Amino acid sequence: MAVPNFLAGTINVDFNYLSHVGITDTITILNDLNTQLTALGWTCTVTGASPTAVGTYISPTRTDGVSFKVVATQVSATVLKYAVTDQWSGSVTPVANQPQQNIVATGGGSEARYYSNKFGFFLETLPSGVAECFGCGVLDATPEAINVPRAFYWATSGPRSAANALSQNGADNMTTLPLGSTTYAASYYNYCSYGPTQGLTLSRSTLGGSLLIVPFDIQGGMAPASYLYGRIFQCIMVDAAQSLGAQITVPIDTGVTAVFRVLGCATSTYNSFRIAARVS
Amino acid sequence: MSVPAFLSVTPYYQETVGVSDVSTIITNLGALLTSQSPAWTLLSGVYYSPADSGRQFNITMTRTNAYTMTILVCQGASQAVQLGPATLTCPNPWSGAVRLFCGQFYIHIDIDLGSTTPVYFCAGVLDLSPEAQNAHTHFLYANATAFAGSSSNADISNVYMFDNATATYARRRSGWQSYQGSGQGFTTPNGARIYRPSELWCIPTGGGSAYYLAGRQYNCLMVPSTMLSQGDEITVPVDVGVTGVFKACGGPVPYAYISRLLAMRKS
């Protein structure tokens, strides 16, 4: 066997993780992202000063042209907003729906957790203990080429709306560019749930008691002819009963394990799961 | 790598064309079951599957008339625990191709009626791998065009299993869709078909209302209905340098947007 491509790589070379507590100004997040992503080969800059600083992060250049850009802008010292652009300058996060993310500066500040890799990242903040998750990236299409017929980029719709309402913090609301469309769109229905159907309460485990771990696959297109676009790098889907921050050790090949941490974004409305991103 | 356990069972297959009486199905399936290895046992009109780690089931096939038959599925070595009687009703009169797929752990009857909605039946015990095959007792399933006393059957997802301790007809096959009304990614944007195991979920005994993964059907795959039709034959790599041949099976009209069929292994 071999490690699946979406989980392949070496820590601090292909992916990394950082937890930073006590953050009182979102410029710290911009600088942390700069450090984390630069270490993985991203091209990053942070310009300006708080509370109007801007971080620009461009994923590593590939010979197949796959690349995307994330611009994180300080709305204030406690609020960030994100704009993600694909390799054709298409807005993965349309202007009217650019996600925002908060921290709380009081009471010792907030923790931020950075789960980064060459193909995307999750950034989780924990203001007042309520996790807010933003993520974006390009999908792994293995065994097919990542750029054929084209690369599929994704971003979370939140955690917060463009009006700063904490209404888009679900694990099941991603923005993608549907096959056949020219505009990115958010959907609650574009992941492969693995479970039987909506409305059933699932325990993502076997009757024998084993926890089920599956890739986070994203699909889309016009039903019923939907297509599997690919899977999120260094990310898995776990049971909704897993606690925020819980660390899960997963065998990813014979004698090889990886550690994932459960993100705190809201569990799926219909399909009883949480997202877990790789730590080591 | 190695061949997955649910594809490691020897498949037996027979196709008969021009069938016009269900008695042919009963006769041919009975002969196929009792001649395979390990062989099923026929006792007083009941066919018993070979026992394995406590997993065993039996079926009783009854001809009602030339176009109707019923199949009673029971768990274990006796007929005490009944999962449900399936009813297979063909047009009157009818003539079609009957494809029988079976093995130590399963039976699948696929009736190809041409332009008419196909009729099918399947039942078996699930592969519990990688857990021990005796890890739990919710291993029996049955799925058919119709079951006596049940009207919610026009959906390939609906399968009879024991939920808690009660035989229940429910939408329990892994769908891979995100939402009941959404499509499913059974093809890639490049046009490659995606084959997935057919996995079934149920409520464990004393388990409340949550569904757990019970196991996967032997020699059975889910395949894209947008690219395959009943009777289509596909060759699927099941290990490095190893392939299996499967035939797409018909069934009730799938629930809207559920873009999949079952395919059973032929060889």
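Note that the coordinates shown come from a computational prediction; the quantities given were computed from them, not determined experimentally.

(A) Here's a closer look at the overall build of chain A. Along its length, chain A carries one helix and 18 strands. Here chain A, with 280 residues, has 56% of them falling under the buried criterion. For chain A, the proportion of contacts with a sequence separation of at least 24, taken over those separated by at least 6, is 54%. Of the roughly 10,000 Å² of accessible surface on chain A, a fraction of 55% belongs to carbon and sulfur atoms. Placing the 12 positive and 14 negative side-chain charges of chain A at their respective mean positions leaves the two points 2 Å apart.

(B) Up close: the overall build of chain B. What chain B contains, in helices and strands, is one helix and 17 strands. Radius of gyration (C-alpha) of chain B: 17 Å, near the 18 Å computed for a compact globule of 267 residues. Here chain B, with 267 residues, has 59% of them falling under the buried criterion. Sequence separation of 24 or more characterises 55% of the internal contacts of chain B that already satisfy a separation of 6 or more.

(C) Looking closely at the nonpolar core. Membership of the largest hydrophobic core comes to 111 residues, with the highest contact counts inside it found for Phe216(A), Ile59(B), Val73(B), Ile109(B), Ile111(B) and Phe121(B). Sequence-distant contacts of Val73(B), defined by excluding residues within four places in its chain, comprise Phe57(B), Asn58(B), Ile59(B), Val81(B), Gln82(B), Leu83(B), Gly84(B), Phe121(B), Ala123(B), Leu140(B) and Ala142(B). Formed by 46 residues, the second largest nonpolar core is a distinct cluster that contains Ile23(A), Ile29(A), Val66(A) and Val262(A).

(D) Representation of the pairing of strand S17 (residues 256-262) of chain A within the structure. Residue and element names in this part refer to chain A. A large share of S17 lies buried, amounting to five of its seven residues. As paired elements, strand S16 (residues 247-253) and S17 share six bridges and run antiparallel to each other. Paired with Thr249 across the bridge in S17 is Val259. As consecutive antiparallel partners, S16 and S17 are separated by two residues, and within that stretch Gly255 has a phi angle of approximately 75°, a positive value.

(E) Seen up close, the environment of Asp110(B). Residue and element names in this part refer to chain B. Relative to the assigned elements, Asp110 resides in strand S8 (residues 106-112). Along the chain, Asp110 and Ala144 lie 34 residues apart, while their C-alpha atoms are 9.8 Å from each other. Apart from residues lying up to four places away in sequence, Asp110 is in contact with Ala97, Val98, Arg99, Phe101, Val119, Tyr120, Gln230, Ala248, Cys249 and Gly250. Separated by 3.0 Å, the side chains of Asp110 and Gln230 make a polar contact. From its side chain, Asp110 meets the backbone nitrogen of Gly250 in a polar contact 2.9 Å long.

(F) Inspection of the interface of chain A and chain B at higher detail. Taken together, the contacts link 38 residues of chain A with 41 residues of chain B. For the pair chain A and chain B, the summed buried area comes to about 3,300 Å², and 59% of that belongs to carbon and sulfur atoms. It is Tyr194(A), Pro196(A) and Leu207(A) that lose the most area in chain A upon contact with chain B, and together they represent 23% of the buried surface on that side. One can count 13 residue pairs in polar contact (both at pLDDT 80 or more) joining chain A with chain B. Elements that contribute at least two residues to the side of chain A that touches chain B include exactly strand S13 (202-206) and strand S15 (227-239) of chain A. Per-element accounting of the side of chain A that touches chain B gives the leading share, four residues, to S13(A).

(G) Representation of the side chain of Asp239(B) within the structure. Residue and element names in this part refer to chain B. Positionally, Asp239 belongs in strand S15 (residues 233-239). Notably, Asp239 is buried but unbridged: the nearest opposite-charge side chain belongs to Arg265, and the N-O separation is 10 Å. From its side chain, Asp239 meets the backbone nitrogen of Val3 in a polar contact 3.4 Å long. With residues near it in sequence (within four places) discarded, Asp239 still touches Met1, Ser2 and Val3.

(H) Representation of the pattern of salt bridges in the model. Going through the model one piece at a time under the given rule, you end up with 14 salt bridges over all chains. In this structure, Asp64(A) engages Arg62(A) in a salt bridge whose closest nitrogen and oxygen atoms are separated by 2.6 Å. Each of Glu15(B), Arg99(B), Asp110(B) and Asp112(B) takes part in one network of salt bridges that share partners.

(I) Quick peek at the sheet that holds strand S2 (residues 41-43) of chain B. Residues and elements named next belong to chain B. Within the open sheet, the five strands sit side by side as S2-S3-S4-S5-S6. Their pairing is antiparallel. Among the strands making up the open sheet, the edge pair consists of S2 and strand S6 (81-89). Averaged over all pairs of adjacent strands, the angle between their axes in this sheet comes to 25°, without regard to strand direction. In this sheet, strand S5 (residues 68-75) lies alongside strand S4 (residues 57-65) in antiparallel orientation, the contact comprising eight bridges. Bridge pairing in S5 places Ile59 opposite Val73.

(J) Molecular detail of the packing of aromatic side chains. Residues and elements named next belong to chain B. This structure, assessed with the given rule, holds 20 aromatic pairs over all chains. Between Tyr13 and Phe101, the aromatic rings sit 5.0 Å apart at their centres with planes inclined by 40°, giving tilted as the arrangement. A residue pair is termed long-range when its members are at least 10 positions apart, and Tyr13 in strand S1 (residues 12-19) and Phe101 in strand S7 (residues 96-103) qualify at 88 residues. Summarising the aromatic geometry, the rings of Phe105 and Tyr218 are spaced 4.4 Å apart at their centres and angled 20° between planes, so their arrangement reads as stacked. Here Phe105 is found in the loop between S7 and S8, whereas its partner Tyr218 is found in strand S14 (residues 211-224), with 113 residues between them in sequence.

(K) Region of the structure containing the sheet that holds strand S5 (residues 79-85) of chain A. All names here are of chain A. Taken in spatial order, the five strands of this open sheet run S2-S3-S4-S5-S6, and their pairing is antiparallel. Both edges of this open sheet fall to strand S2 (43-47) and strand S6 (100-102), since each of them pairs with a single strand only. The mean inter-strand angle of the sheet, taken between neighbouring strand axes irrespective of direction, is 20°. Against the sheet, helix H1 (residues 26-38) engages S2, strand S3 (54-58), strand S4 (69-76) and S5, with an angle of about 160° to S2.

(L) Examining H1(A) more closely. All names here are of chain A. Between its first and last C-alpha atoms H1 spans 18 Å; for 13 residues at 1.5 Å apiece the expected length is 18 Å, and the two agree. Burial in H1 covers these residues: Thr26, Ile27, Ile29, Leu30, Asp32, Leu33, Asn34, Gln36 and Leu37. If you check the start of H1, you find a side-chain oxygen 2.9 Å away from the backbone N of Ile27, and it comes from Asp25.

(M) Focus on the environment of Asn147(A). Residue and element names in this part refer to chain A. As for its placement among the helices and strands, Asn147 is situated in the loop between strand S9 (132-140) and strand S10 (153-156). Judged by its relative accessible area of 25%, Asn147 is partly exposed. Residues Asn147 and Asp64, 83 residues apart in the sequence, show an inter-C-alpha distance of 6.7 Å. Leaving out residues up to four positions away in the same chain, Asn147 has contacts with Asp64 and Val66. A polar atom in the side chain of Asn147 sits 3.5 Å from the backbone oxygen of Asp64.

Definitions and cut-offs
Residues numbered from 1 in each chain as written. Chains lettered and ligands numbered in written order. Predicted model: local features only at pLDDT ≥ 70, side-chain atom pairs only at ≥ 80, totals over all residues. Heavy atoms only, no water. Helix = DSSP H or I, 4+ residues; strand = E, 2+ residues; numbered from the N terminus. Buried < 20%, exposed > 50% of the residue type's maximum accessible area, 1.4 Å probe, protein only. Contact = heavy atoms within 4.5 Å. Areas by Shrake-Rupley, 256 points an atom, 1.4 Å probe, with all protein chains shown as cover. Lys, Arg positive; Asp, Glu negative; His and termini not counted. Charge placed at Lys NZ, Arg CZ, Asp CG, Glu CD. Rg over C-alpha atoms; globule rule 2.2 N^0.38 Å. Core = buried A, V, L, I, M, F, W, Y, C linked by side-chain atoms within 4.5 Å. Pairing = 2+ DSSP bridges. Polar contact = N/O pair within 3.5 Å; in protein donor to acceptor, adjacent residues only side chain to side chain. Buried area = accessible area lost by both parts, 1.4 Å probe. Salt bridge = Lys/Arg side-chain N within 4 Å of Asp/Glu carboxyl O. Axes fitted to C-alpha atoms, helices over the stretch in contact; angles between N-to-C directions. Phe/Tyr/Trp six-rings, centres within 6.5 Å; stacked < 30°, edge-to-face > 60°. Expected span 1.5 Å × (residues − 1).

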